[in-house]
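Descriptive analysis of the structure
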Amino acid sequence: MALSFLSRKRLLGVLWRDDAPNVSLLLAPAGYGKSVLLGQVLEEKPLAVFLNLREIEGDAYSLVNHLADALEATSTAAAAAIRQGNSSKTMPAFHFAQHLAELPASLLIIDHAERLQIDGEKWLLDLISLLPKKHRLILAGRSLTSFGLPMLVATDQVQVIGPEQLAFDQEEEALLAKQARAPKLDLSTLKGWPMAVKLTLTGAYGQNVHTLLRALLRSLTPELQSALVRLAPYDQWSDFLPEQLGLRVPGDWMAQLLLSSLPILQNDNGTVTPHELLLEVLDAELAKNPEMRVSAYREAAAQAMRQNRSLHAIQLLQRVALQTEATALAEQVLGVLSHRGQFRLVLDMLDKLPQDAIHESTMLTLYYGLALIENEQLQAGMAQLQLVADLPSDRWRALPYLTHGTFLLSRIHDAEKLIVESKDYWEHYTPEQQMTLRVTEGNVQRELGHPERSLEILIEAVELAQKQNLPFNQAAARIGLNVTYLRLQRFEEAMASARHALRIFEEIGMYNRLPVAMINLAVLHSVRDELTHARELLLRALEISEAQSTRHVTAILFVLGNVCRKEGKNSEAIFYLSQSIERAQLRSAWDYMFMAELMLSEIYRQQHQHVEADRQIKAAEDLAKVYPTLRESQLLAQLIEFHNGQRALAQHDLERALEHFGRVPTHVGELDEWAARAALYIALIKLKQNQLEKADIAAFMTLHEKLTSRVYLHLDLETTRPVLREAVQREWYVPELQDYAFGTSALKQHRIYVRTLGGLQITLNGEPLPMIGNNPRRAQELLVLLALLPAPSASDINNALVGDGKGDGRQAIKSLRQSLTKATGVTDPLVLTEQRKYELNNEITLRTDYHDLQRAIRSKNISQVRKLLVKTEFLPGLDRAWVDDWRESEIPALLYAAYEVLGTEALSRQAYQDALHNFKEMQRLMPMNEKPLRTIIEIYRATGDTKNLQEFEREFSVVFAHHR
């Protein structure tokens, strides 16, 4: 019975189950029947869009073109639009997904994904995360090297059907043996491997698949066997290939192969693709003659270059240890890729080369350093550039890139020195390198406090780039101009410059550079209180940066956190700023880490969490001690003055607060809002000192009236409102300040916090809440009930606190009222509503760690989730039926969701041990949920842990036998 005629109903059921993600990945070693299964899918869905990657080059650019060809029958217009968008630069996956969104629901099938090159694989994985929900995608491959796969599984975007599921089960093996008229043949030792089962049933004997293949090869003529050995380096065979290589073969050699049982796929273009296992067997034979093997692979590499398969050519040379030739070819290829800005691909290629080979080549080392910098590995990239800079004869080559990286590290004075040094070699540099140095010089002058000089240099750079037709360099100069114009408070020119840069990047197809222009535009929209537009720009920039693997993610998260802070969305702001700090640590972006810590201090200060706010300022100060070059940036040195002023004011040190607020400059565009806020704080302090004069309010108003923002004033309004009211009462600037001074004011709030995880703790305004009365213990339980079960009735309270026991809940209600009245002064702290429900007075707010954890999970506030998960036992020691119910139902679901947030975040950082811990906790909490186990399997697959991979795949096949 031909395997292709064995219907894999079990696997087809897994693919089409109702709750399956819209992307399925068949992932298994060679010979597991992935292509056979796809053939059966095509029989059921003949209108599917099908692409076989065996027949094409696997780079991203070619992949998009061939996908367009495959879509031709579905939509000629969409196919044409995709080809046009992919004409000069690879179309980003999110643009491709937009075209798919316009098509009717379709099934896309892609086979042999293992043939993808690094950029092609990453492009396809990006598409998976962006694929419109109405479409389905089935992807088959032997392996995927990307570490993005565990994340896709963890976030329910992909289901993986692995070897344990693709293998034949006992029922299928029995059916195959019966049809082969060998019902008693023992196939169990083959462990369901379809390739081995096929070869065994077709007459070959033995249980090692390589042995089976050798037996099949021996059935061919000696002349053909000898020729096939020489074809081992080629992954596609044409009818004329042996003749091109000077090999003698029978005239019908291709027909003989197709009639044999060898695993060979016939392609539509007249070629055949030998299975990887067959090539392994042939290569082992070729290796018996080392000289012949080297010669064969060198010739195969030359042919790959003639076919524009440069990456494949390098891999062929590496396979036979021709490192010198591979390095020379890599220098040629990587130079082109670097010029195009494809730094992710450059880095992936170089990671495959031995470090010794990279460091023996000056150019490869330079490309490696630049690629690391552009992929957010700043310190590592600088180390590579320094290796070249330490060579006297080659130092000049490294200076343009070293200067750029030094500026990114906020080592402003060092960057200035490198610029001076580079001018001694000016005539050696290409126009692009000269422009890189000019732009960096303009940026350096701005950060040294010379914005007018910066403006002069950058305008000159723009003009030169236009004359020399260097659009990328012109855009980079305009980005620098944008920041300089902002520093000079010339907002319209700043906006125009950023928009011009964005337009240039779009025109030349450098999508990986779009985020930096979007960040700058978002900052300008935020200054105008156009916060929704700013947020949309940043989220789009984040999407592009993650898709294109650019170094701008840290900056995007920082600015997004500030937009959320201005919107009053403090939980989201804390999340984004915390993420920015984590990314900044990874890429050594100490300036962003410094600023994010200061912004966090503002948010915590606004929430009256002064200890945490002080801790954030202390972290920024400690960072500046470790990296004193941070103080070289006048912007950073001046920004911390505002926050030191807030800290001193919170500590009631008015004189010191005045000193700090007084040092905030009023002439730096990026700090305009902080300057106005500082002036208002100065007026507030003068009021506290009974020294307030109209000139103090006038100083604030002068700065306030220059601003296009009004939202900024609300950040401090709870603290600064007294001085605004005093100004209005003295009839100073009444029309302008009236609403701010006498807008709706929040009631005096008493904050009760109930901690349930790890032990019951109740605090009032940060201090333990004392309970009095006849039954303080039950009063505590009642407060927990009020927190977790809003507005309980007297019956609810009685059932929860007393149950079938003696007494009732009235004593608990009385004790709680007495305790809260004494602690807060509120005369009626526990209110009985018209619906006979109990609620706390609206002057008392009640929060719990349970609800805090829910909010942290929703906002993906990683630091808050970690903080709340230190202890996870719910109300230990409290023996109540309602508590037991929560322990069995509500708490496991909450903890599962918390560990899922932590595990997913760990995957985004490629912190696989952390991710494993969290997904194993999820599996412990809900052992019958597939997702944790599937994700654990993919983590082990991605990290190459074969032992654990096989163990957990077996566990999956047992626990979820219905999906095997």
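Everything numeric here is computed off the predicted structure, so don't read it as measured data.

**Notes on the environment of Pro-92**
- Structurally, Pro-92 is set in the loop between α4 (76–85) and α5 (93–101).
- Taking the C-alpha atoms as reference, Pro-92 lies 48 Å from Leu-220; in sequence the two are 128 residues apart.

**Quick word on unusual backbone geometry**
- A positive phi angle is found at Gln-489, which is not glycine, with a value near 65°.
- Note on placement: Gln-489 falls in the loop between α27 (471–487) and α28 (491–507).
- Judged by its relative accessible area of 27%, Gln-489 is partly exposed.
- Phi at Glu-731 is positive, roughly 65°, even though this residue is not glycine.
- With respect to the secondary-structure elements, Glu-731 resides in the loop between α39 (717–729) and α40 (734–742).

**Overview of the side chain of Ser-62**
- As for its position among the elements, Ser-62 is in helix α3 (residues 60–71).
- Every residue in contact with Ser-62, bar those within four places of it in the chain, is listed here: Ile-56 and Glu-57.

**A short note on the nonpolar core**
- Counting residues in hydrophobic clusters, the biggest one holds 183 residues, and the most contacted among them are Phe-594 and Leu-853.
- Leu-853 has contacts with Leu-757, Val-865, Leu-868, Leu-869, Leu-894, Leu-895 and Ala-898, leaving out every residue within four places of it along the chain.
- With 60 residues, the next largest nonpolar core counts Leu-257, Ile-264, Tyr-297 and Ala-313 among its residues.

**Describing the environment of Leu-488**
- Turning to its location among the elements, Leu-488 is positioned in the loop between α27 and α28.
- Separated by 182 residues in the primary sequence, Leu-488 and Glu-670 place their C-alpha atoms 8.8 Å from one another.
- Ignoring anything within four residues of it in the chain, the contact list for Leu-488 reads Pro-451, Glu-452 and Leu-455.

**Here we look at the packing of helix α34 (residues 610–626) against helix α35 (residues 634–650)**
- Here α34 crosses α35 at 145°, and the two axes come no closer than 11 Å. Both α34 and α35 take part in a crossing whose hand is left-handed. Here His-610, Asp-614, Ile-617, Lys-618 and Glu-621 of α34 come into contact with α35, specifically with Ile-640, His-643, Asn-644, Arg-647 and Ala-650.
- Tallied by class, the residues present in the contact of α34 with α35 amount to three nonpolar, three polar and four charged.

**Brief notes about the pattern of salt bridges**
- Under the defined criterion, the tally for this structure stands at 53 salt bridges.
- Arg-438 is the partner of Glu-460 in a salt bridge, and the nearest nitrogen-oxygen pair spans 3.1 Å. One end of the pair, Glu-460, is in helix α26 (residues 451–467); the other, Arg-438, is in helix α25 (residues 431–447), with 22 residues separating them in the sequence.
- For Arg-438, a relative accessible area of 22% gives the class partly exposed.
- A salt bridge links Glu-621 to Arg-647, with the nearest nitrogen and oxygen atoms 2.7 Å apart. Of this pair, Glu-621 sits in helix α34 while Arg-647 sits in helix α35, and the two are 26 residues apart along the sequence. Exposure class is identical for Glu-621 and Arg-647. Each is buried.
- The structure contains a network of salt bridges with shared partners spanning Arg-8, Arg-10, Asp-169 and Glu-172.

**Side note on the sheet that holds strand β5 (residues 159–161)**
- Strand order across the open sheet formed by five strands is β2-β3-β4-β1-β5, with parallel pairing between neighbours. Looking at the sheet topology across the chains shown, the edges are occupied by β2 (49–52) and β5. Within the sheet, the average angular offset between the axes of one strand and its neighbour, ignoring direction, is 15°.
- Pairing geometry for strand β3 (residues 107–111) and strand β4 (residues 136–141), over four bridges, is parallel. Bridge assignment links Leu-107 to a residue of β4, and that residue is Arg-136.

**Considering the sheet that holds strand β13 (residues 844–848)**
- Ordered in space as β10-β9-β8-β13, the four strands form an open sheet in which the pairing is mixed. Either end of the sheet is taken by a strand with one partner, and the two such strands are β10 (767–768) and β13.
- As paired strands, strand β8 (residues 750–755) and strand β9 (residues 761–764) are joined by four bridges and run antiparallel to one another. Bridging across to β9, Val-754 finds its partner in Ile-762.
- Lying on the sheet, helix α41 (residues 776–788) is in contact with β8, β9 and β13; it crosses β13 at an angle near 85°.

**Concerning the environment of His-643**
- Counting through the fold element by element, His-643 comes out in helix α35.
- In this structure, the C-alpha to C-alpha distance between His-643 and Glu-602, residues 41 residues apart in sequence, is 7.3 Å.
- In this structure His-643 touches Leu-598, Met-599, Ser-601, Glu-602, Ile-617 and Trp-674, once residues within four positions along its chain are discounted.
- Polar contacts involving the side chain of His-643 include one to the main-chain carbonyl oxygen of Leu-639, which spans 3.1 Å.

**Structural notes on α3**
- The end-to-end C-alpha distance of α3 is 16 Å, a good match for the 16 Å that 12 residues give at a rise of 1.5 Å each.
- Residues of α3 that are buried include every one of Ala-60, Ser-62, Leu-63, Val-64, Leu-67, Ala-68, Ala-70 and Leu-71, and no others.
- Among the structural elements, β2, α4, α5, β3 and α6 (118–130) are those in contact with the buried residues of α3.
- At the N-terminal boundary of α3, the capping side chain belongs to Asp-59, with an oxygen 3.2 Å from the backbone nitrogen of Tyr-61.

**What about the side chain of Gln-638?**
- Inspection of the secondary structure assignment puts Gln-638 in helix α35.
- Its relative accessible area of 16% is what places Gln-638 among the buried residues.
- Every residue in contact with Gln-638, bar those within four places of it in the chain, is listed here: Pro-665, Val-668 and Leu-671.

Rules used in this analysis
- Residues numbered from 1 in each chain as written.
- Predicted model: local features only at pLDDT ≥ 70, side-chain atom pairs only at ≥ 80, totals over all residues.
- Heavy atoms only, no water.
- Helix = DSSP H or I, 4+ residues; strand = E, 2+ residues; numbered from the N terminus.
- Buried < 20%, exposed > 50% of the residue type's maximum accessible area, 1.4 Å probe, protein only.
- Contact = heavy atoms within 4.5 Å.
- Core = buried A, V, L, I, M, F, W, Y, C linked by side-chain atoms within 4.5 Å.
- Axes fitted to C-alpha atoms, helices over the stretch in contact; angles between N-to-C directions.
- Left-handed = near helix turned anticlockwise from the far one by under 90°.
- Nonpolar A, V, L, I, M, F, W, Y, C, P; charged D, E, K, R; others polar.
- Salt bridge = Lys/Arg side-chain N within 4 Å of Asp/Glu carboxyl O.
- Pairing = 2+ DSSP bridges.
- Polar contact = N/O pair within 3.5 Å; in protein donor to acceptor, adjacent residues only side chain to side chain.
- Expected span 1.5 Å × (residues − 1).

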